[in-house]
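Residue-level structural notes
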Amino acid sequence: MNKLSPRRKGFTLIEMLVTMTILAILAAAVIPLAKTAIKREREIELRRNLRIIRDAIDAYKKLADERKIEVEADSEGYPPDLETLVKGVEFKGEKEEEKSDKKIVKFLRRIPIDPMTNSYEWGLRSYQDDPDSDSWGGENVYDVYTKSQATALDGTKYKDW
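What you are looking at is a predicted structure, and each value in this text was computed from that prediction instead of being measured.

Focus on the overall build of the protein chain
- Broken down by element type, the protein chain carries three helices and four strands.
- Within the protein chain, buried positions represent 31% of all 161 residues.
- Surface accessibility of the protein chain: about 11,900 Å² in total, with carbon and sulfur atoms responsible for 55%.

Written as structure tokens, this is what we have:
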């Protein structure tokens, strides 16, 4: 004996619409927060990658100034390109027995990715370039910057970091 109850179990259409409306409002409030959090993470990664590259350039410059690596005369002691920091350069030993052994000094394991452009291509500045120039003269690598034209959360341009 199967009796049909006067009230069926389940949700009404109105209950479903109210629930969906509440969920849509909550989702609309969370999406901007999630976008900001993602952008903040990418900014942190950009700062970290810029610092890694700049530290490698500084280490190269220090060894060049100490005359422990061979550099071109007009380079001001800066690396010719970022690949040189990855491939490494020959270290000149101070002692006679060290001079016979060729030791390669590497400054980076790999070129870090630019999180803003999602590429390995960085904007480069040469020591001989104008400070406001966006084009690299090609003589050496004095500094790096992102090629992204976007604006950071603090209102500055990423390329000025």
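Now, onward.
Notes on helix H1 (residues 13–65)
- In this model, H1 (53 residues) spans 77 Å end to end at C-alpha, consistent with the 78 Å of a helix rising 1.5 Å per residue.
- Turning to H1, its buried residues are Glu43, Leu46, Asn49, Leu50, Ile53, Arg54, Ala56, Ile57, Tyr60, Lys61, Leu63 and Ala64.
- For H1, the secondary structure elements touched by its buried residues are helix H2 (82–87), strand S1 (89–91), strand S2 (103–105) and strand S4 (143–145).
- Where H1 ends, the next residue or the one after it, Arg67, has phi of about 60 degrees, a positive value.

Overview of the confidence of the model for the protein chain
- Scored by pLDDT, the protein chain has a mean of 87; 89% of the residues are at 70 or more.
- H2 holds the highest mean pLDDT among the elements of the protein chain, 95, whereas helix H3 (residues 96–100) holds the lowest, 52.

So, a negative patch on the surface
- A surface patch of negative charge is lined by Glu72, Asp74, Glu76 and Glu139.
- Tracing the backbone shows Glu76 in the loop between H1 and H2.

Looking at a nonpolar patch on the surface
- Taken together, the side chains of Ile14, Val18, Met20, Ile22, Leu23 and Leu26 make up a nonpolar region of the molecular surface, amounting to roughly 610 Å² of accessible area.
- Relative to the assigned elements, Ile22 resides in helix H1.
- Residue Ile22 is classed as partly exposed on the basis of its relative accessible area, which comes to 47%.

Focus: the packing of aromatic side chains
- Tallying each qualifying case throughout the model produces five aromatic pairs.
- Summarising the aromatic geometry, the rings of Tyr78 and Tyr127 are spaced 5.7 Å apart at their centres and angled 25 degrees between planes, so their arrangement reads as stacked. Here Tyr78 is found in the loop between H1 and H2, whereas its partner Tyr127 is found in the loop between strand S3 (123–125) and S4, with 49 residues between them in sequence.
- Accessibility expressed as a relative area gives 43% for Tyr127, which makes it partly exposed.
- Put simply, the rings of Tyr78, Tyr127 and Tyr142 touch in pairs and so form one group of aromatic residues.
- The ring of Trp161 is capped by Arg47, whose NZ or CZ atom sits 3.9 Å from the centre of that ring.
- Against the face of Phe91 rests Lys103, its NZ or CZ located 5.4 Å from the ring centre.

Examining the side chain of Glu43
- By the secondary structure assignment, Glu43 is in helix H1.
- For the buried Glu43, no salt bridge is present, and the opposite-charge side chain at shortest range is Lys39, 5.1 Å distant.
- A distance of 2.8 Å separates a polar atom in the side chain of Glu43 from the backbone nitrogen of Leu153.
- Reaching out from Glu43, the side chain makes a polar contact with the side chain of Tyr158 at a distance of 2.7 Å.

About the criteria used
- Residues numbered from 1 in each chain as written.
- Predicted model: local features only at pLDDT ≥ 70, side-chain atom pairs only at ≥ 80, totals over all residues.
- Heavy atoms only, no water.
- Helix = DSSP H or I, 4+ residues; strand = E, 2+ residues; numbered from the N terminus.
- Buried < 20%, exposed > 50% of the residue type's maximum accessible area, 1.4 Å probe, protein only.
- Areas by Shrake-Rupley, 256 points an atom, 1.4 Å probe, with all protein chains shown as cover.
- Expected span 1.5 Å × (residues − 1).
- Contact = heavy atoms within 4.5 Å.
- pLDDT = per-residue confidence, 0-100.
- Patch = residues over 30% accessible without salt bridge, like charges linked within 9 Å, V, L, I, M, F, W, Y side chains within 5 Å.
- Salt bridge = Lys/Arg side-chain N within 4 Å of Asp/Glu carboxyl O.
- Lys, Arg positive; Asp, Glu negative; His and termini not counted.
- Charge placed at Lys NZ, Arg CZ, Asp CG, Glu CD.
- Phe/Tyr/Trp six-rings, centres within 6.5 Å; stacked < 30°, edge-to-face > 60°.
- Lys NZ or Arg CZ within 6 Å of the ring centre and 35° of its normal.
- Polar contact = N/O pair within 3.5 Å; in protein donor to acceptor, adjacent residues only side chain to side chain.

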